[in-house]
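Inside the fold
Take a look at the letters that make up each chain.
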Amino acid sequence: MPHQASAEPKQIKPKKAAAASTKRTESKKPAAKAPSAKAPTTATKPTLVELIRGHLEQESEPRSAAEITAALTQAHPDRSVKTTVVRTTLEGLVAKSHAHRAKQGSSVFYTTAASSELAPAEPQQEAVTG
């Protein structure tokens, strides 16, 4: 019985915290309008995903996350690009089949999926037409 009694106050406390958090979110709602006003200016900048995909499409050889980060930092000095963020973004592209990952030893290299998919598609078309 003591276990059940201790469980009931725990249930009450989160409800009070939830009520307090709704009051906090209400006070934040007017502040949320300010970032939405900035949204049109950030919409003109390409996203990191777009930058990485564009870089991979331009390169014919596999690139590591560090090489991609260095290239993007040099091409876009106004943006702060971190290797860990680039690696996470690349892994997201691999998960969506937009990029390919190749491991050589302890290093991981990435290529765009578009260039790899075009090469096998051409022989298949020739075989069908020939």
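Description of the structure in this document.

Cut-offs applied
Residues numbered from 1 in each chain as written. Predicted model: local features only at pLDDT ≥ 70, side-chain atom pairs only at ≥ 80, totals over all residues. Heavy atoms only, no water. Helix = DSSP H or I, 4+ residues; strand = E, 2+ residues; numbered from the N terminus. Contact = heavy atoms within 4.5 Å. Areas by Shrake-Rupley, 256 points an atom, 1.4 Å probe, with all protein chains shown as cover. Buried < 20%, exposed > 50% of the residue type's maximum accessible area, 1.4 Å probe, protein only. Arc of directions from axis to C-beta. Expected span 1.5 Å × (residues − 1).

Moving on: the overall build of the chain. Secondary structure summary: the chain contains 5 helices and 2 strands in total. Tracing the chain from N to C terminus, the helices and strands come up as α-α-α-α-β-β-α. At a minimum sequence separation of 6, the contacts of the chain that also span at least 24 residues come to 46%. When the accessible surface of the chain is totalled, it reaches about 9900 Å², and 57% of it is carbon and sulfur.

This brings us to helix α3 (residues 65–75). Residues of α3 that are buried: Ala-65, Ile-68, Thr-69 and Leu-72. An end-on view of α3 places all buried positions within 100° of arc, on one side of the element. On its buried side, α3 packs onto α2 (48–58), α4 (83–95) and β2 (107–112).

Attention now moves to α4. Across its 13 residues, α4 extends 18 Å between first and last C-alpha, which sits within 8% of the 18 Å expected from 1.5 Å per residue. Val-86, Thr-89, Leu-90, Leu-93 and Val-94 are the residues of α4 that are buried. Here the buried residues of α4 occupy an arc of 145° about the axis, which is enough to place them on one side. Exposed residues on α4 whose side chains face more than 90 degrees from its buried face are Thr-88 and Ala-95. The inward-facing, buried residues of α4 contact α2, α3, β1 (99–104) and β2. Ser-97, located one to two residues past α4, shows a positive phi value of around 65°.

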